[in-house]
Amino acid sequence: MLDPVLLRSFLAVERCGGFTAAAHQLGLRQSTVSGHVARLEKSIGRELFRRDTRNLELTADGSAMLGFARTILDASQQAESYFAESELSGVLRFGASDDLVAAELPEVLLEFRRSHPRIDLELTVGLSENLGAKLAAGELDIAFGMRRPGEQHGELVWRDRLVWAGSHGAEPVEGPVPLVTYPPPSITRRAAMEALERAGLVWRTTCVTDSLLGLRAAVLAGLGYIVHSESLLPDGLVPLPDGALPDPGDADFVLMRRSRPASKPEAALTAAILANERRLRRS
């Protein structure tokens with residue numbers, strides 16, 4: 001294994017153009033820096049610098065080592081930062097919408113807890129608009145939910161298409177549209193009703209429930225249709241053919257934080273969610 005201490009001295013000599021200048025920059029004696037480079041050369045069995053009384057330049061092997069040294073030290077720093085984060089502690093009040101919790105988010109949170117065991121995570125599940133209200137009231141630190149395009153709050157994680165969905169083999173839509181929906185102030189409820197109003201269609205509400213499990217059960221029972229994010233559509237439900245009902249538009253999934261700048265636990269959870277964006281989009 002290549003010693004990072006030796007690699008730092010090697011890079012400093014190359015960067016500063018000499019051993020004396022490198023020693024001054026590193027706060028070491030010149031003999032110490034020379035010794036580091038000599039030990040590095042011995043460990044790999046190659047000469048890294050071509051020296052004479054006036055000039056110091058890299059050999060071909062020294063040029064190759066330059067890239068390796070930078071990569072190794074960058075990786076070392078990333079590892080140190082990663083494991084230093086495991087010392088983060090405190091209570092983090094996190095809110096997430098029902099459809100996110102029903103997909104891959106629990107696995108991401110489990111991995112976050114393993115990486116940060118001293119952070120106590122308090123989870124609140126609910127409608128995005130209600131989570132936003134709790135955030136504004138100081139009851140949550142960070143929330144992961146939905147907003148309509150054009151709204152500016154939160155940090156965008158991804159934009160999703162909203163679709164009408166029903167059960168396999170659902171009857172064609174005739175007469176008043178049977179609507180299965182969350183209660184107000186649901187974003188998908190509003191999107192569904194606005195789309196139907198624009199198209200001049202009549203609807204009837206056949207089921208109102210505050211849980212995704214209830215929505216899925218009602219649709220599978222043939223009670224009606226829902227508007228839902230396409231990438232998080234519950235198992236067993238299928239999008240209706242394009243044009244069967246008016247387009248409900250898009251929605252944004254966003255991270256919303258109460259404080260600016262974010263605390264270290266908030267920043268760590270935000271980074272974990274952003275890093276798993278593709279995974280969170282279940283489809």
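Details of the structure are given in the entry above.
Residues numbered from 1 in each chain as written. Predicted model: local features only at pLDDT ≥ 70, side-chain atom pairs only at ≥ 80, totals over all residues. Heavy atoms only, no water.

Colleague: Could you give an account of the overall build of the protein chain, naming the residues involved and the relevant values?
Modeller: In terms of regular secondary structure, the protein chain is built from 11 helices and 11 strands. For 283 residues, the compact-globule estimate of 2.2 N^0.38 gives 19 Å, and the protein chain exceeds it by more than 25% at 29 Å. Overall, the protein chain is about 95 × 40 × 30 Å in size when its C-alpha atoms are taken along their principal axes. By residue count, 41% of the 283 residues in the protein chain fall in the buried class. A separation of at least 24 residues holds for 76% of the contacts in the protein chain among residues at least 6 apart in sequence. (Helix = DSSP H or I, 4+ residues; strand = E, 2+ residues; numbered from the N terminus. Rg over C-alpha atoms; globule rule 2.2 N^0.38 Å. Buried < 20%, exposed > 50% of the residue type's maximum accessible area, 1.4 Å probe, protein only. Contact = heavy atoms within 4.5 Å.)

Colleague: Give a detailed account of the nonpolar core, specifying residues and quantitative values.
Modeller: Judged by nonpolar contacts, the single largest core of 38 residues is most densely connected at F94, L105, F144, W158, W164 and L269. Dropping the residues within four chain positions of it, W158 is found in contact with L100, F144, S231, L232, A251, D252, F253, E277, L280 and R281. Grouped together as the second largest cluster of nonpolar side chains are 18 residues, A12, A23, M65 and A69 included. (Core = buried A, V, L, I, M, F, W, Y, C linked by side-chain atoms within 4.5 Å.)

Colleague: Would you mind going over the pattern of salt bridges in detail, with residue names and values included?
Modeller: For side chains of opposite charge, pairing can occur when their charged atoms come near one another. On inspection of all chains with the given rule, the structure shows 15 salt bridges. Residues D61 and R46 are paired through a salt bridge, measuring 3.2 Å at the closest nitrogen-oxygen approach. In this pair, D61 is assigned in helix α4 (residues 60-85) and R46 in the loop between α3 (30-44) and β1 (49-51), connecting sequence segments 15 residues apart. Note that R257 and E155 form a salt bridge whose closest N and O atoms lie 3.5 Å from each other. A residue pair is termed long-range when its members are at least 10 positions apart, and R257 in strand β11 (residues 250-257) and E155 in strand β6 (residues 155-167) qualify at 102 residues. For E155, a relative accessible area of 30% corresponds to the partly exposed category. Overlapping salt bridges bring together E129, R148, R190 and E194 as one network. (Salt bridge = Lys/Arg side-chain N within 4 Å of Asp/Glu carboxyl O.)

Colleague: Account for the pairing of β11, with residues named and values stated.
Modeller: The element β11 is extensively covered by neighbouring structure, given that seven of its eight residues are classed as buried. Bridge count for strand β5 (residues 142-147) against β11 is six bridges, and the pairing is antiparallel. Within β11, the position partnered with A143 by the bridge is M256. Across six bridges, β6 lies against β11 in antiparallel orientation. In the strand pairing of β11, R161 is matched with D250. (Pairing = 2+ DSSP bridges.)

Colleague: If you had to explain the packing of helix α2 (residues 19-26) against α3 to someone new, which residues and values would you point to?
Modeller: Put simply, α2 and α3 touch, their axes get as near as 8 Å, and they point 105 degrees apart. When the interaxial angle is binned, α2 and α3 end up roughly perpendicular. For the pair formed by α2 and α3, the contact residues are F19, T20, A22, A23 and L26 on the first element and Q30, V33, S34 and V37 on the second. Looking at side-chain class alone, the contact of α2 with α3 contains six nonpolar, three polar and no charged residues. (Axes fitted to C-alpha atoms, helices over the stretch in contact; angles between N-to-C directions. Parallel < 35°, antiparallel > 145°, perpendicular 65-115°, else oblique. Nonpolar A, V, L, I, M, F, W, Y, C, P; charged D, E, K, R; others polar.)

Colleague: Account for the environment of R50, with residues named and values stated.
Modeller: The residue R50 is located in strand β1 in this model. With 224 residues separating them along the chain, R50 and L274 place their C-alpha atoms 46 Å apart. In contact with R50, other than residues within four places in its own chain, are N55, L56, E57, L58 and T59.

Colleague: Run through the packing of aromatic side chains, naming residues and quoting values.
Modeller: A full pass over the atoms with the stated rule returns four aromatic pairs. Ring geometry for F144 versus W158: centroids 6.2 Å apart, planes at 90 degrees, classification edge-to-face. One end of the pair, F144, is in strand β5; the other, W158, is in strand β6, and 14 residues separate them in sequence. According to the relative accessible area criterion, F144 is buried, its value standing at 0%. Put simply, the rings of F10, F19 and F49 pair up and form one aromatic cluster. (Phe/Tyr/Trp six-rings, centres within 6.5 Å; stacked < 30°, edge-to-face > 60°.)

Don't take any of this as a statement about function, it's just geometry.
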